[in-house]
Amino acid sequence: ARVRHYKFDVEYFFKSVDCVDRLVMGINGQFPGPTIRAEVGDTIHVAVTNKLSTEGTAIHWHGVRQYGTPWADGTVYVTQCPINPGETFHYKFKLDKAGTFYYHGHNALQITGGLYGSIIVDLPKGEKEPFEYDDEINLLLSDWWHKSIQEQEVGLTAHIENFRWVWEAQSILINGRGQFGCSLGANFINHTLPVCQFKGDEDCAPYILSVLPNKTYRVRITSATSLLSLNLAISDHKMVVVESDGHYVEPFTVDKIDIYSGESYSVLLTTDQNPNQNYWISVGHRDDNVSTTPALTLLNYNKIPTLDLPSFPPPITPPWFDVEERKIFSRKVLALKGVPQPPKYSHRWINLIGMQDIIDGYLKWSMNGIILELPTTPYLGSMKFNIKNAFDWQDPPENYPEDYDIYNPTTYHNSTVSNMVYKFEMNQVVDVILQNCNSYALNSTGFHPWHLHGHDFWVLAYGDGKFKDGDEKLFNLENPPLKNSVVVFPYSWTAIRFRADNPGVWLFHCHMEPHFHTGMGVVFAEGVQYVNGIPEQALACGLTAEMLMNKGNSQ
Ligand code: C2O
């Protein structure tokens, strides 16, 4: 294992990522940020300098467990203070497993702004994956808005009279490239748009997948979207899914994959088709009432010009309402033999329902009636040093009213803003049942991809309707997949199990940035007394800053 050093300068710059010149939040002048590629067991040092000049930042290493380094998790006001403009923060952590991950900003709407990049972790030399491939391709998928993140943030958090939803993404990006105002597939799917014309060296020219015939490629696919649920398909080619969120899955073959914000997959692609034509790669979204054009690019076998457009239409994203098909895909993701299995029993059971309501004039999300608003002192410091008035130390509710009607707008109007924390005993086995219900408007709901920091969890079941006594019989305790992000389907529930074995304070939240930003998350903590070595800089704000200053005075 080695130590690898990186220097990340986070800054805004102009770039024509989808053929429209806009500000993007990037790193070292690159968008997406540089890829971190390393081996399991390596120690990563990243010196992050905030050159944004008008806002604080922090970078979260999504999927890295941060065992023993909870202060390096990069979550503003949970594990650290924001890195102020001009400051440099030194992250230092170990990579705990091989697989496909990414990093992203974790303050305000900085994913929407473009602050993300890939993390690829290899097995140590000499160790073999349980599948074979000749080469690999990395696809980092995201969504892109023309409206600034400041404008979006103000709109989302304004009083209901001035509330503005973020609406539709202008583009879907493949490795940071998209096409707005034209489409490569215009002749087939968007007759109103012109066909894009590229020489190939433009910032917004599509990222072409160049392959050789009769090879097997491992295609790593990560969704760094801030909102959209994506679906990826390649014409005339099948994909064999082999990895998700850094864990091997029992291989299964599909012709399209659903991928939600925060998830990653590896698929094997065999280039066994006619090499004398190009094939579409289509990344469409799976959202309701959204007309964002699918991202298109080409699979090229190196025999004909890369930008020759196929004479057949690109694969079309299945419609939003085809929930059943999406459940079928998610339920196919099962652990490969050898992946750790879950404990047979849990010690703690939390039912969490996500409700949308207008509370005191603001449109918010609450979990069991608690609208999460982070304190201004990072929990990791206030819990470690027992700072009583830094947040509300009461225990948040572990349930919601038994007669709750999930199919109608909520009648529970008592949600309150809070920053309470679910506290676990070390090594407690915890089950969480995430329940989806009707949103604020009649007959409306959505998909919520949830991400847990600091742990992987087993996905025990995706169930239909409202979770009821006896539904635990549906739990898969034989080969549930280990993941760090999972979707909750409309009017359905998702059950997860994890072991609270990582001392620290950890967010568990909907990974759609506008949802998390308006309250859709909870905070978990365990063993904070065992946490050592929190750098002072991580705590140099709020009440922990005061504590540090007093300590200085008394010396
Ligand atoms: Cu990838 Cu808290 O998020």
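Residues numbered from 1 in each chain as written. Predicted model: local features only at pLDDT ≥ 70, side-chain atom pairs only at ≥ 80, totals over all residues. Heavy atoms only, no water.

Some points on the sheet that holds strand β29 (residues 485-488)
Cut-off, in case you're wondering: Any two strands are treated as partners once DSSP identifies two or more bridges connecting them. Labels follow the DSSP assignment, with helices taken as runs of H or I lasting at least four residues and strands as runs of E lasting at least two, numbered in each case from the N terminus. Between N-to-C directions, angles span 0 to 180 degrees; the directions come from axes that are lines fitted to C-alpha atoms, helices contributing only their stretch in contact.
Ordered in space as β24-β32-β31-β26-β29, the 5 strands form an open sheet in which the pairing is mixed. Of all strands in the sheet, those bounded by a partner on one side alone are β24 (422-424) and β29. Taking each pair of neighbouring strands and ignoring which way they run, the sheet shows an average axis angle of 20°. Note: strand β31 (residues 504-510) against strand β32 (residues 521-526), 6 bridges, orientation antiparallel. Within β32, the residue paired with V505 across the bridge is A525.

A look at the pattern of salt bridges
Convention followed: For salt bridges, the criterion is a side-chain nitrogen of Lys or Arg within 4 Å of an Asp or Glu carboxyl oxygen. Here's how the labels work: a residue is buried when its accessible area is under 20% of the maximum for its type, exposed when over 50%, partly exposed in between, all with a 1.4 Å probe on protein chains only.
If you walk through the whole model with that rule in mind, you get 29 salt bridges. Residue D9 pairs with K51 through a salt bridge whose shortest N-O separation is 3.1 Å. One end of the pair, D9, is in strand β1 (residues 3-15); the other, K51, is in the loop between β4 (43-50) and β5 (59-62), and 42 residues separate them in sequence. Classification of K51 by relative accessible area gives partly exposed; the value is 44%. One salt bridge in this structure joins D464 and R331, with 3.4 Å as the shortest N-O distance.

Brief notes about the state of the cysteines
In protein chemistry, a disulfide is the covalent bond that joins the sulfur atoms of two cysteines. The test is simple: We call a pair of cysteine sulfur atoms a disulfide when they lie within 2.5 Å.
Under the definition given, this model contains 3 disulfides. Put simply, C19 and C204 are joined by a disulfide, and their sulfur atoms are 2.1 Å apart. The S-S bond linking C19 to C204 shows a torsion near 100°; that makes this disulfide right-handed. Pair noted here: C19 is in the loop between β1 and β2 (22-27) and C204 is in the loop between β10 (171-174) and β11 (209-210), with a separation of 185 residues, a long-range link. Given a relative accessible area of 6%, C204 falls into the buried group. In this model, C182 is linked to C196 through a disulfide, with the two sulfur atoms separated by 2.1 Å. What sets the handedness of the C182 and C196 disulfide is the S-S torsion sign, and at about 100° it is right-handed. Residue C182 is found in the loop between β10 and β11, and its partner C196 is found in the loop between β10 and β11; the two are separated by 14 residues along the sequence. Given the relative accessible area of 12%, C182 is considered buried. Residue C196 is classed as buried on the basis of its relative accessible area, which comes to 5%. Counting its disulfide-bonded cysteines in sequence order, the protein chain shows a connectivity of 1-5, 2-6, 3-4. Cysteine C437 is unpaired, with the sulfur of C510 as its nearest cysteine sulfur at 13 Å.

Things to note about the layout of surface pockets
Keep this limit in mind: Definitions used throughout: a 1 Å grid over protein atoms alone; a cavity as a set of points that fits a 1.4 Å probe which cannot get out; a pocket as an open set with protein on both sides within 12 Å along at least five of seven lines; a lining residue as one with an atom within 4 Å of a point. Grid points are joined across faces, edges and corners, and a volume is the space filled by probe spheres set on the points. Residues are grouped as follows: nonpolar covers Ala, Val, Leu, Ile, Met, Phe, Trp, Tyr, Cys and Pro; charged covers Asp, Glu, Lys and Arg; every other residue, Gly included, is treated as polar.
Its boundaries defined by the atoms lining it, the largest pocket holds a volume of some 780 Å³. In this structure, the largest pocket is lined by 30 residues; those nearest its centre are W165, Q356, S439, T445 and H515. Those elements giving two or more residues to the lining of the largest pocket turn out to be β20 (348-359), β21 (362-367) and α4 (513-517). Sort the elements by how many residues they give to the lining of the largest pocket and β21 lands first, with 3 residues. Here the residues of the lining of the largest pocket are counted per class, giving 17 nonpolar, 9 polar and 4 charged. Lining of the second largest pocket is provided by 26 residues; of these, N107, A108, L374, F516 and H517 occupy positions nearest its centre. For the lining of the second largest pocket, the elements supplying multiple residues, two or more each, are β7 (99-105), β22 (370-372), β31 and α4. The element contributing the most residues to the lining of the second largest pocket is α4, with 3 residues. For the lining of the second largest pocket, a count of residues per class yields 11 nonpolar, 12 polar and 3 charged.

Here's the deal with the side chain of D18
How we decide: Think of it this way: Lys and Arg go in the positive column, Asp and Glu in the negative one, and His and the chain ends go nowhere. Two N or O atoms count as a polar contact when they lie within 3.5 Å, although within protein this holds only if one can serve as hydrogen donor and the other as acceptor, and sequence-adjacent residues are included solely when both atoms are side-chain atoms. We call two residues in contact when some of their heavy atoms are within 4.5 Å.
By secondary structure assignment, the location of D18 is in the loop between β1 and β2. The side chain of D18 is buried and forms no salt bridge, while R22, the nearest opposite charge, is found at 7.2 Å. Of note is the side chain of D18, whose polar atom sits 2.8 Å from the side chain of H146. Ignoring anything within four residues of it in the chain, the contact list for D18 reads W144, H146, Q170, S171, L173, G178, Q179, F180 and C204.

Overview of the domain arrangement of the protein chain
What counts, and what does not: An automatic or database domain assignment supplies the residue ranges for each domain. Note on terms: buried area is the combined drop in 1.4 Å-probe accessible area of two parts once they are placed together, counting the loss on both.
According to the domain assignment, the protein chain consists of domain 1 (3-127), domain 2 (136-332) and domain 3 (348-539). For domain 1 versus domain 3, the separation of C-alpha centres amounts to 24 Å. On the domain 3 side, the residues contacting the 29 residues of domain 1 number 34 residues. Summing both partners gives a buried area of about 2,500 Å² for domain 1 against domain 3, and 59% of it is carried by carbon and sulfur. Among the residues domain 1 hides against domain 3, the three largest losses belong to R65, Y77 and V78. Together they make up 28% of the total. Taken together, the connections running from domain 1 to domain 3 amount to 2 salt bridges. Applying the counting rule to domain 1 against domain 3 returns 22 residue pairs in polar contact (both at pLDDT 80 or more). Secondary structure elements with two or more residues in the side of domain 1 that touches domain 3: β5, β6 (88-94) and β7. Class assignment of the residues belonging to the side of domain 1 that touches domain 3 gives a composition of 12 nonpolar, 13 polar and 4 charged.

Notes on the nonpolar core
Rules: The set of buried Ala, Val, Leu, Ile, Met, Phe, Trp, Tyr and Cys residues whose side-chain atoms join them within 4.5 Å is what this entry labels a nonpolar core.
Counting 117 residues, the largest nonpolar core has W61, Y91, L232, I257, V432, F498 and F508 as the members making the most contacts within it. Contact partners of F498, with chain neighbours within four places excluded, come to F424, Q428, V429, V430, V432, L452, H455, D456, F457, W458 and F524. Core analysis: the next-biggest nonpolar cluster, separate from the first, contains 13 residues, L336, I433, W458 and L477 among them.

Thoughts on the pairing of strand β26 (residues 448-452)
Counting buried positions over the 5 residues of β26 gives 5, a clear majority of the element. Burial along β26 is two-sided: the face carrying H448, W450 and L452 and the face carrying P449 and H451 are both buried. As paired elements, β26 and β29 share 4 bridges and run antiparallel to each other. Bridging from a neighbouring strand, H451 pairs with S485 of β29. Across 3 bridges, β26 lies against β31 in antiparallel orientation. The residue of β31 that forms the bridge with L452 is F508.

Let's talk about the side chain of K15
Within the secondary structure layout, K15 lies in strand β1. Other than its neighbours up to four places away in sequence, K15 contacts V20, D21, R22, V24, F31 and D203.

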